[in-house]
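Structural description and commentary
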Amino acid sequence: MENLDTSFKDEKNQASNPATMRAIRFHEYGEPTDVLRLEEVAIPEPGPGRIRVRVRACGLNPVDWVTCQGHFAGQLPLPRGIGLDVAGIVDAIGEGVTDVAIGDAVLGGADFMSGSSAGASDQAIMYYWFRMPAGLDFVQAAALPMAVETAYRGIDTLGVKSGQTVLVHGAGTTVGFAAVQITLMRGARVIATAGTTYADKLRAMGALVTSYGDGMVERVTELAKQPVDLALDTAPISGSLKDLVQIVNGHPQHVLTVSDFAAAAELGVRASYGELQTARYDVVGDFAGYAADGKFTIPVAKTFALDEWRSAVETSQSGSAHGKLILLPDSD
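Residues numbered from 1 in each chain as written. Predicted model: local features only at pLDDT ≥ 70, side-chain atom pairs only at ≥ 80, totals over all residues. Heavy atoms only, no water.

Of all 5 residues in strand S9 (residues 189-193), 4 are buried, a share of seventy percent or more. Judged from the 5 bridges that link them, strand S8 (residues 165-169) and S9 form a sheet pairing that is parallel. Opposite Val 168, over in S9, you have Ala 192 as the bridge partner. By the bridge criterion, 3 bridges tie S9 to strand S10 (residues 208-210) in an arrangement that is parallel. (Buried < 20%, exposed > 50% of the residue type's maximum accessible area, 1.4 Å probe, protein only. Helix = DSSP H or I, 4+ residues; strand = E, 2+ residues; numbered from the N terminus. Pairing = 2+ DSSP bridges.)

Pasting the structure below:
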């Protein structure tokens, strides 16, 4: 009841105090449902090279939960906010910013590192952004940034080329779903492992799809009919990296994981975290254009009002979301 009472008071206070906003933050590390709360905080001001938006949609990601659990403990002061993927309307512009104007609709990344709140709030500071193309709504826009960046960087780091055969393991995740589309755009042949939720959609895109779990090596080999050149692991940690190495003919450097970093270090598999890789946020604007044209998509499972954040967290951590979860602050 304490969190519910806090939320009610925050909303009531905000209505009478326009200098504050609602934000989801944590003041200590622990399980997200234990440490997160909806608070009334000061509205942040954009510094040089930053903008502020009224948040219309905020995408949630697994990194939000590991951050709550202390993944960056000691690197950043508390309190800290959650929500990295943002779409909204520009309402303040920092010094040196010339590419957007007040009132523009943008998507991009919340400036998580520099402030005590992030995208899961009524207003957020952004450190990179792109104008939203016509035909793209705020929910679709907020689903894109991290999924696109992570998938594109993984495909780029592996060096995927036209004509290769690539396995995307965990293609039903948002990063995996993005990776399948990006790989196909490069002219490669895709074999995807996924559950039943998105299997048909992945096949319609042009991927060959099979299930994960026992017998995966044999099923993928049968589908491929030829050597598999590269594998991208976008699934939750499942102990599957040994199988992926076997699928690419025993070459661990031909496998990259975005999740199972401990097993990657043990097996010699490449990892998206820890390598000297350049972040690829530069491509997010291009993919926003593709999404607006109906040529690219990230599945959205459900949207939640900001004060329904607890349900969103529980749904995400249950593993049953089957798509992006989006918070919708009331920005009217």
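Okay, the environment of Pro 46 next. Along the chain, Pro 46 falls in the loop between strand S2 (36-42) and strand S3 (51-59). A sequence separation of 273 residues divides Pro 46 from Gly 319, and the C-alpha atoms of the two residues are 35 Å apart. What Pro 46 contacts, discounting residues up to four positions off in sequence, is Ile 51, Arg 52, Ala 92, Ile 93, Gly 94 and Ile 125. (Contact = heavy atoms within 4.5 Å.)

Turning next to the sheet that holds S8. The strand order across the open sheet built from 6 strands is S10-S9-S8-S11-S12-S13, with neighbouring strands paired in parallel fashion. Looking at the sheet topology across the chains shown, the edges are occupied by S10 and strand S13 (270-271). Packing of helix H5 (residues 145-158) onto the sheet brings it into contact with strand S11 (230-233), strand S12 (255-257) and S13, and relative to S11 it is tilted by some 155°. This element, helix H8 (residues 216-224), spans S8, S9 and S10 of the sheet and lies at about 155° to S9. (Axes fitted to C-alpha atoms, helices over the stretch in contact; angles between N-to-C directions.)

On to the environment of Gly 170. Structurally, the position occupied by Gly 170 is in the loop between S8 and helix H6 (174-185). For Gly 170, a relative accessible area of 8% puts it in the buried group. Each C-alpha atom of the pair Gly 170 and Val 180 lies 10.0 Å from the other, and the pair is 10 residues apart in sequence. If sequence neighbours within four positions are ignored, Gly 170 has contacts with Gly 176, Thr 193, Thr 234 and Ala 235.

In the segment running from Leu 78 into Pro 79, the intervening peptide bond is cis, with an omega of 5°. Here Pro 79 is to be found in the loop between helix H3 (62-68) and strand S4 (80-81). Phi is positive for Lys 225, which is not a glycine, with a value near 65°. Along the polypeptide, Lys 225 turns up in the loop between H8 and S11. With relative accessibility at 62%, the residue Lys 225 sits in the exposed group.

Let us look at the pattern of salt bridges. Within the structure shown, the criterion is met by 14 salt bridges. Salt-bridge contacts for Arg 50 lead to Asp 111; the nearest nitrogen and oxygen are separated by 2.9 Å. Of this pair, Arg 50 sits in the loop between S2 and S3 while Asp 111 sits in the loop between strand S6 (105-110) and strand S7 (123-131), placing them 61 residues apart in sequence. For Asp 111, a relative accessible area of 9% puts it in the buried group. Two residues, Asp 200 and Arg 203, come together in a salt bridge whose shortest N-O distance is 3.3 Å. Linking Asp 200 with Arg 203, this pair stays in helix H7 (residues 196-205), spanning 3 residues, or about one helical turn. In this structure, a network of salt bridges that share partners links the residues Asp 156, Arg 186, Arg 280 and Asp 282. (Salt bridge = Lys/Arg side-chain N within 4 Å of Asp/Glu carboxyl O.)

This part covers the nonpolar core. Ranked by internal contacts, the top residues of the largest apolar core, which has 49 residues, are Leu 107, Leu 144, Val 180, Leu 202 and Phe 296. Mapped by element, the contributors of at least two residues to this core are helix H4 (138-142), H5, S8, H6, S9, H7, S11 and helix H11 (284-292). Excluding residues within four positions of it along the chain, Leu 144 makes contact with Leu 107, Leu 136, Phe 287, Ala 288, Ala 291, Phe 296 and Ile 298. Counting 37 residues, the second-largest nonpolar core is a separate cluster that includes Trp 65, Leu 84, Met 146 and Phe 304. (Core = buried A, V, L, I, M, F, W, Y, C linked by side-chain atoms within 4.5 Å.)

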